[in-house]
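Spelled out, the chains give:
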Amino acid sequence: MSISMYRTKVQRLEKNIAGFDKAIANEQKKISDASAAIKRTKVQSTKDNKQKAVIKSQKKIGELREAKSKAMKSYNTALGKLQVLELRDKKKLNQEEMRHVKAITSELSKQEKIGRTLNSTITVDFQDVPEQINVLFLASNPVDAGQLRLDLEIRSIQEKNSSF
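Note that the structure is a prediction, hence the values are computed from the model and not measured. (Residues numbered from 1 in each chain as written. Predicted model: local features only at pLDDT ≥ 70, side-chain atom pairs only at ≥ 80, totals over all residues. Heavy atoms only, no water.)

Caption draft 1: The arrangement of the overall build of the protein in detail. Of the regular secondary structure elements, the protein holds three helices and zero strands. Along the protein, from the amino end to the carboxyl end, the secondary structure elements read α-α-α. Here the C-alpha atoms of the protein give a radius of gyration of 43 Å, more than 25% beyond the 15 Å that 2.2 N^0.38 yields for 164 residues. On the principal axes, the C-alpha backbone points of the protein span a range of 125 × 50 × 30 Å. For the protein, with 164 residues in total, the buried portion stands at 13%. (Helix = DSSP H or I, 4+ residues; strand = E, 2+ residues; numbered from the N terminus. Rg over C-alpha atoms; globule rule 2.2 N^0.38 Å. Buried < 20%, exposed > 50% of the residue type's maximum accessible area, 1.4 Å probe, protein only.)

Pasting the structure below:
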């Protein structure tokens, strides 16, 4: 059986057990009502009938308790199996997580090695960089739109260059 099937079984058994408790309570109420009626009445036939009802309810309570006991045994068995399956499933998930973490850690260490290799091989010699950099600025105004302020763009670039 799968975990979901055991969960369903456990829930069904819990409802059955609750039903047995409710039925036992109903029978106990019948016994209480019949006992009260026996005390109130003086008619012997009514007393006999109520006494029979008490005996019948007591028998019914015995049967319900026996059935509840069997249901409790099934419930405990199903619950135990469910817990075992959930534990097994949890272990499996933990193992998968550990494999995933190891894979990520391995990939990170590879990336770190690549990064160190790149950092050690890339060097910039600023003495070889020319003092003046020429920028070619090509621009055009679109035909179907308004005029662009290209003169402002050029001036802004020149100002940035002159600040270096």
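The rest of the description comes next.
Caption draft 2: Representation of the nonpolar core. By size, the foremost hydrophobic cluster in this structure holds 10 residues: Ile 3, Tyr 6, Val 10, Leu 13, Ile 17, Ala 71, Tyr 75, Ala 78, Leu 82 and Leu 85. Among the elements of the structure, α1 (3-40) and α2 (44-121) are those that each provide at least two residues to this core. When neighbours within four sequence positions are excluded, Ile 3 is seen to be in contact with Leu 82, Leu 85, Glu 86 and Asp 89. Listed in part, the seven residues of the second largest apolar core include Ile 24, Ile 31, Ile 38 and Val 54. (Core = buried A, V, L, I, M, F, W, Y, C linked by side-chain atoms within 4.5 Å. Contact = heavy atoms within 4.5 Å.)

Caption draft 3: Quick look at a nonpolar patch on the surface. On the surface, Ile 133, Val 135, Phe 137, Ile 154 and Ile 157 cluster together to form a nonpolar patch covering roughly 420 Å² of accessible area. A residue is classified by how much of its surface remains accessible, and Ile 154, at 35% relative accessible area, is partly exposed. (Patch = residues over 30% accessible without salt bridge, like charges linked within 9 Å, V, L, I, M, F, W, Y side chains within 5 Å. Areas by Shrake-Rupley, 256 points an atom, 1.4 Å probe, with all protein chains shown as cover. Salt bridge = Lys/Arg side-chain N within 4 Å of Asp/Glu carboxyl O.)

Caption draft 4: Just the pattern of salt bridges, in detail. In total, this model carries six salt bridges according to the counting rule given. Glu 86 serves as the salt-bridge partner of Arg 7, at 2.9 Å between the closest nitrogen and oxygen. Of the two residues, Arg 7 sits in helix α1 while Glu 86 sits in helix α2, which places them 79 residues apart along the sequence. The partner of Arg 116 in a salt bridge is Glu 112, and the shortest N-O contact between them spans 3.5 Å. On the criterion of helical spacing, the pair formed by Arg 116 and Glu 112 is a turn pair, its members being four residues apart in helix α2. Residue classification places Glu 112 among the partly exposed positions, given a relative accessible area of 48%.

Caption draft 5: Highlighting α1. Its 38 residues place the ends of α1 55 Å apart at the C-alpha level, agreeing with the 56 Å of an ideal helix rising 1.5 Å per residue. Looking only at α1, the buried set comprises Ile 3, Tyr 6, Val 10, Leu 13, Ile 17, Ile 24, Glu 27, Ile 31, Ala 34, Ala 37 and Ile 38. (Expected span 1.5 Å × (residues − 1).)

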